[in-house]
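Observations on chain architecture
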Amino acid sequence: MTRGKLMAKIGLFDLEKHYVFYGAYHSNPVNILIHMLFVWPILFTSLVIFYFTPTLVHVSLPNNLVLNYGFLFTVFYAGFYVCLDVKAGSLAGLMCFVCWVFGSFLAQHLGFSLAWKVNVYN
């Protein structure tokens, strides 16, 4: 089976299917608000922890940014959002990269031990 047929069969990039699924499980206005408010902080704190994963590619980036699993995670989600919808996905992708950059800065500032404590106890 070709990659295109496999993706079409899975429906990974079928925006309409995602909206139907989202609508079915997120029709409550309070639930929608909760998701809109807390998805980004969850992503942010995940990227803080991912900062401490091994470097995948050694490239000199400004401000001690590293290409590690946090970056890979960010690229995956940003790309996924852009594939779903170019306009809204581009904004979401940009927000993913902003979370990666500021999550990396916070992780550098806190250090490994304190970053875990902040993530676990909040």
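Below is a summary of the structure that appears in this document.

Cut-offs applied
- Residues numbered from 1 in each chain as written.
- Predicted model: local features only at pLDDT ≥ 70, side-chain atom pairs only at ≥ 80, totals over all residues.
- Heavy atoms only, no water.
- Helix = DSSP H or I, 4+ residues; strand = E, 2+ residues; numbered from the N terminus.
- Expected span 1.5 Å × (residues − 1).
- Buried < 20%, exposed > 50% of the residue type's maximum accessible area, 1.4 Å probe, protein only.
- Contact = heavy atoms within 4.5 Å.
- Polar contact = N/O pair within 3.5 Å; in protein donor to acceptor, adjacent residues only side chain to side chain.
- Core = buried A, V, L, I, M, F, W, Y, C linked by side-chain atoms within 4.5 Å.
- Bend = angle between axes of the 7 residues up to and from the residue.
- Axes fitted to C-alpha atoms, helices over the stretch in contact; angles between N-to-C directions.
- Parallel < 35°, antiparallel > 145°, perpendicular 65-115°, else oblique.
- Left-handed = near helix turned anticlockwise from the far one by under 90°.
- Nonpolar A, V, L, I, M, F, W, Y, C, P; charged D, E, K, R; others polar.

Here the focus is helix H5 (residues 86–110). The end-to-end C-alpha separation of H5 is 35 Å, in line with the 36 Å expected for 25 residues at 1.5 Å each. Of all the positions in H5, only Gly-89, Ala-92, Gly-93, Cys-96, Cys-99, Trp-100, Gly-103, Ser-104 and Ala-107 are classed as buried. On its buried face, H5 sits against helix H3 (29–50), strand S2 (67–68) and helix H4 (69–84). Measuring from the side-chain oxygen of the N-cap residue of H5 to the backbone nitrogen of Lys-87 gives 3.5 Å; that N-cap residue is Asp-85. A positive phi of about 85° marks Gly-111, the residue just after H5.

Soluble globular proteins tend to bury their nonpolar side chains together. Counting residues in each nonpolar core, the largest one holds 7 residues, listed as Leu-43, Leu-47, Leu-65, Ala-78, Cys-96, Cys-99 and Trp-100. Those elements that provide at least two residues to this core are H3 and H5. By residue number, the principal contributor to this core is H5, which donates 3 residues.

Here the focus is H3. Helix length check: H3, at 22 residues, gives a terminal C-alpha distance of 32 Å against a target of 32 Å (1.5 Å per residue), a fit within 8%. The sharpest bend along H3 comes to roughly 30°, located at Phe-38, with the proline Pro-41 sitting one to four residues further on.

It is at 8 Å that the axes of H3 and H5 come closest, and there the two elements cross at 45°. With respect to H5, the element H3 is oriented oblique. Remark: the crossing between H3 and H5 carries right-handed chirality. The residues of H5 that touch H3, namely those facing Trp-40, Leu-43, Phe-44, Leu-47 and Val-48, are Ala-92, Met-95, Cys-96, Cys-99, Trp-100, Phe-102, Gly-103, Leu-106 and Ala-107. Counted by class, the contact of H3 with H5 contains 13 nonpolar, 1 polar and no charged residues.

This paragraph deals with unusual backbone geometry. Phi angles above zero are rare outside glycine, and Asn-63 is one such case at about 60°. Positive phi values are uncommon outside glycine, yet Asn-64 reaches one of about 60°. Among the structural elements, Asn-64 can be located in the loop between strand S1 (55–57) and S2. Given a relative accessible area of 54%, Asn-64 falls into the exposed group.

Glancing now at the packing of H4 against H5. It is the contact of H4 with H5, at a shortest axis distance of 6 Å, that shows an interaxial angle of 165°. What the angle tells us is that H4 and H5 run roughly antiparallel. Pair H4 / H5 crosses with right-handed handedness. On H5, the residues that touch Gly-70, Phe-71, Thr-74, Val-75, Tyr-77, Ala-78, Tyr-81, Val-82 and Leu-84 of H4 are Val-86, Gly-89, Ser-90, Ala-92, Gly-93, Cys-96, Phe-97 and Trp-100.

On to the side chain of Thr-53, then. Along the polypeptide, Thr-53 turns up in the loop between H3 and S1. A distance of 2.7 Å separates a polar atom in the side chain of Thr-53 from the backbone oxygen of Phe-50. Once residues lying within four places of it in the same chain are set aside, the contact partners of Thr-53 are Asn-68, Tyr-69 and Gly-70.

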